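Survey of secondary and tertiary structure
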Amino acid sequence: METCIRVQSPGLSKDFSIGNLHENTLTEIWNGSKRKRHLRTMLEFRRETIEQCKNCSCFNAIIDPLEKLDRDAERLLQYFQE
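Below is a summary of the structure that appears in this document. (Residues numbered from 1 in each chain as written. Predicted model: local features only at pLDDT ≥ 70, side-chain atom pairs only at ≥ 80, totals over all residues. Heavy atoms only, no water.)

Section: the overall build of the protein
Along the protein, the regular secondary structure elements total three helices and zero strands. Ordering the α and β elements of the protein from the N terminus gives α-α-α. By the burial criterion, 24% of the 82 residues in the protein qualify as buried. For the protein, long-range pairs separated by at least 24 residues make up 44% of all intrachain contacts whose partners lie at least 6 apart in sequence. Summing over all exposed atoms, the protein offers an accessible surface of approximately 6,600 Å²; the carbon and sulfur share of this is 52%. (Helix = DSSP H or I, 4+ residues; strand = E, 2+ residues; numbered from the N terminus. Buried < 20%, exposed > 50% of the residue type's maximum accessible area, 1.4 Å probe, protein only. Contact = heavy atoms within 4.5 Å. Areas by Shrake-Rupley, 256 points an atom, 1.4 Å probe, with all protein chains shown as cover.)

Have a look at this one:
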């Protein structure tokens, strides 16, 4: 299971995966440490540290203001601690 719906590449590195549905349930993956770590990185405005995200333009395509979480990032971080 990949962390990004925009990436459709067979050459995507395994470190970008947040889980395997053959090994874990969707709930386990959704609540797992890999997903939490990825979300924390995004909420800490460090996406450039993720190779697959650093040149991504998805962040510039947010049209609905409710989807832009930057102003709530600090508050949301508490929900993604290990």
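Looking at the packing of aromatic side chains
As enumerated under the stated definition, the model contains zero aromatic pairs in all. One Lys or Arg, Arg35, reaches over the ring of Trp30 and ends 3.6 Å from the middle of that ring. (Phe/Tyr/Trp six-rings, centres within 6.5 Å; stacked < 30°, edge-to-face > 60°. Lys NZ or Arg CZ within 6 Å of the ring centre and 35° of its normal.)

Section: the nonpolar core
Core analysis: the biggest nonpolar cluster contains five residues, these being Leu43, Ala73, Leu76, Leu77 and Phe80. Setting aside chain neighbours within four positions, we find Leu43 in contact with Ala73, Leu76, Leu77 and Phe80. (Core = buried A, V, L, I, M, F, W, Y, C linked by side-chain atoms within 4.5 Å.)

Thoughts on the pattern of salt bridges
Taken as a whole, this structure holds four salt bridges when the rule is applied. Two residues, Arg46 and Glu44, come together in a salt bridge whose shortest N-O distance is 2.8 Å. Residue Arg46 is classed as partly exposed on the basis of its relative accessible area, which comes to 34%. Of the charged contacts, one joins Asp72 and Arg75 as a salt bridge, the two residues approaching to 3.9 Å between their closest N and O atoms. The exposure class of Asp72 is partly exposed, given its relative accessible area of 25%. Taking the relative accessible area as the measure of exposure, Arg75 reaches 46% and is therefore partly exposed. (Salt bridge = Lys/Arg side-chain N within 4 Å of Asp/Glu carboxyl O.)

Examining unusual backbone geometry
Despite not being glycine, Phe45 shows a phi value in the positive range, around 60 degrees. The topology assignment puts Phe45 in the loop between α2 (33-43) and α3 (73-76). Judged by relative accessible area, which is 47%, Phe45 ranks as partly exposed.

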